[in-house]
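Residues per chain, in single letters:
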Amino acid sequence: MLYRAGLVKGQEPLRAYLRRSWPLYAMILPGLLFILLFRYLPMYGVVIAFQDFSPARGFAASRWVGLDNFDFLFSLPEFNRILGNTLIIAVLKLALDQLGAIALALLINEARNLVFRRSIQTLIYLPHFLSWIVLGGILLDILSPFGIVNNLVRALGHEPQLFLGSNDWFRITVIGSSLWKGVGFSTIVYLAALTAISPTLQEAAAIDGAGRFRRIWHITLPGIRPTVVLLAALSLGDVLQAGFEQILTLYSPAVYRTGDIIDTYVYRVGLVSAQYSLAGAVGLFKSVIGFFLIVASYWLADRYAGYRIL
């Protein structure tokens, strides 16, 4: 009450503060409305996971079935396969992206020619800004049976491979193309962390006779370790994000066994087959698991890297 009345010494009255700051609140209003309309209000739709939902009857009139959709989901023979595909692809993507970003950042940091460094950074950043629709079309062309890659394979005396139509090659192709698109952009954080390492440490180690690899091992890597731990912990929340746009663009029924993930299964079941309640149950299952993973990731980030949102 004292603050509202402006009676506390050194405090600005609430009315004067709002009169001065209302443009700032007006600026964030569109963002808040966007989040409310497209993030919070649609959460009401999770009720279809507990209904025998029919668009004609709507949310209110559709018959409630409790956990029957979840019982049916967990009894499906392909559920374990889909969950396994999601975890394998997502975990390998996250792990290899982190390792590749660290390696690239170290290599770029060791380059002494500024023009060469900037050129390499530009080249490896570019794929990040292309959509998977564009990159998917490129990959479908160069990895086709008569594409550039298979023509090179033939020239080397080997049999061409169905990179996007073989269960033996599909995961490797998905993970490799994901790294090509994203690992360059992921180096930005590590390059920024490398700039915080004092050059005097490097100079002192060089004077003591430490070679380049020894300096990287004993100075550079320990210097960016908090950043590595933080990003690794925060990436835990993306364990179930295996890349819907990428896989939907590249896969086909021939590779469902190794390439079908939770998001593509929801798309096929919910939109293509119109089994809305089953798709809602799958999506809710993924969201609940993702929630606990995000909570665990922030706990780990706080525990081992000292990172807190508040």
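Here is what the cut-offs are and how they apply
Residues numbered from 1 in each chain as written. Predicted model: local features only at pLDDT ≥ 70, side-chain atom pairs only at ≥ 80, totals over all residues. Heavy atoms only, no water. Domains from an automatic or database assignment. Contact = heavy atoms within 4.5 Å. Buried area = accessible area lost by both parts, 1.4 Å probe. Axes fitted to C-alpha atoms, helices over the stretch in contact; angles between N-to-C directions. Helix = DSSP H or I, 4+ residues; strand = E, 2+ residues; numbered from the N terminus. Left-handed = near helix turned anticlockwise from the far one by under 90°. Nonpolar A, V, L, I, M, F, W, Y, C, P; charged D, E, K, R; others polar. Salt bridge = Lys/Arg side-chain N within 4 Å of Asp/Glu carboxyl O. Buried < 20%, exposed > 50% of the residue type's maximum accessible area, 1.4 Å probe, protein only. Core = buried A, V, L, I, M, F, W, Y, C linked by side-chain atoms within 4.5 Å. Polar contact = N/O pair within 3.5 Å; in protein donor to acceptor, adjacent residues only side chain to side chain.

In this section: the domain arrangement of the chain. Examined at the domain level, the chain breaks down into domain 1 (9-64) and domain 2 (75-305). Domain 1 and domain 2 are separated by 33 Å when their C-alpha centres are compared. Taken together, the contact pairs 8 residues of domain 1 with 5 residues of domain 2. Both sides of the domain 1 and domain 2 interface together cover about 470 Å² of buried area, and 74% of this is carbon and sulfur.

Interaxial distance between helix α10 (residues 199-207) and helix α11 (residues 212-234) falls to 10 Å at its minimum, and their mutual angle equals 150°. The way α10 lies across α11 gives a crossing that is right-handed. Counted together, L201, Q202, A205 and A206 of α10 and R215, I219 and T220 of α11 form the full contact between these two elements. Broken down by class, the residue content of the contact of α10 with α11 amounts to 4 nonpolar, 2 polar and 1 charged.

The next subject is the pattern of salt bridges. Scanning the model with the defined rule gives 5 salt bridges in all. One salt bridge in this structure joins R268 and D260, with 2.2 Å as the shortest N-O distance. Owing to a relative accessible area of 0%, D260 belongs among the buried residues under this scheme. Between K286 and D263 there is a salt bridge; the shortest N-O distance is 2.5 Å. On the criterion of sequence distance, the pair formed by K286 in helix α15 (residues 276-305) and D263 in helix α14 (residues 262-272) is long-range, its members being 23 residues apart. For the residue pair K286 and D263, the accessibility class agrees, reading buried in each case. Residues joined by salt bridges that share partners form a network here, namely E110, R112 and R212.

A few words on the nonpolar core. Where a protein is soluble and globular, its nonpolar side chains tend to be buried together. One finds Y190, L191, L194 and I224 to be the most contacted residues of the largest nonpolar core, which totals 18 residues. Listing elements by their share of this core, those giving two or more residues are α5 (79-110), α6 (114-125), α9 (170-194) and α11. Ignoring anything within four residues of it in the chain, the contact list for L191 reads A105, I108, N109, Q121 and Y125. One finds L135, L164, F170 and V255 within the second-largest nonpolar core, a separate group that totals 16 residues.

The next thing to look at is the side chain of S177. Note on placement: S177 falls in helix α9. One polar contact links the side chain of S177 to the main-chain carbonyl oxygen of V174, over a distance of 3.0 Å. Setting aside residues up to four positions removed in sequence, S177 forms contacts with W132, L139, Q246 and L250.

Structurally, Q51 can be placed in strand β1 (residues 51-52). Assessed through its relative accessible area of 0%, Q51 is described here as buried. Apart from residues lying up to four places away in sequence, Q51 is in contact with F59, S62, R63, W64, V65, N69 and S277.

It is worth spelling out the environment of G237 at this point. Tracing the sequence through the fold places G237 in the loop between α11 and α12 (244-250). Residues G237 and F291, 54 residues apart in the sequence, show an inter-C-alpha distance of 7.6 Å.

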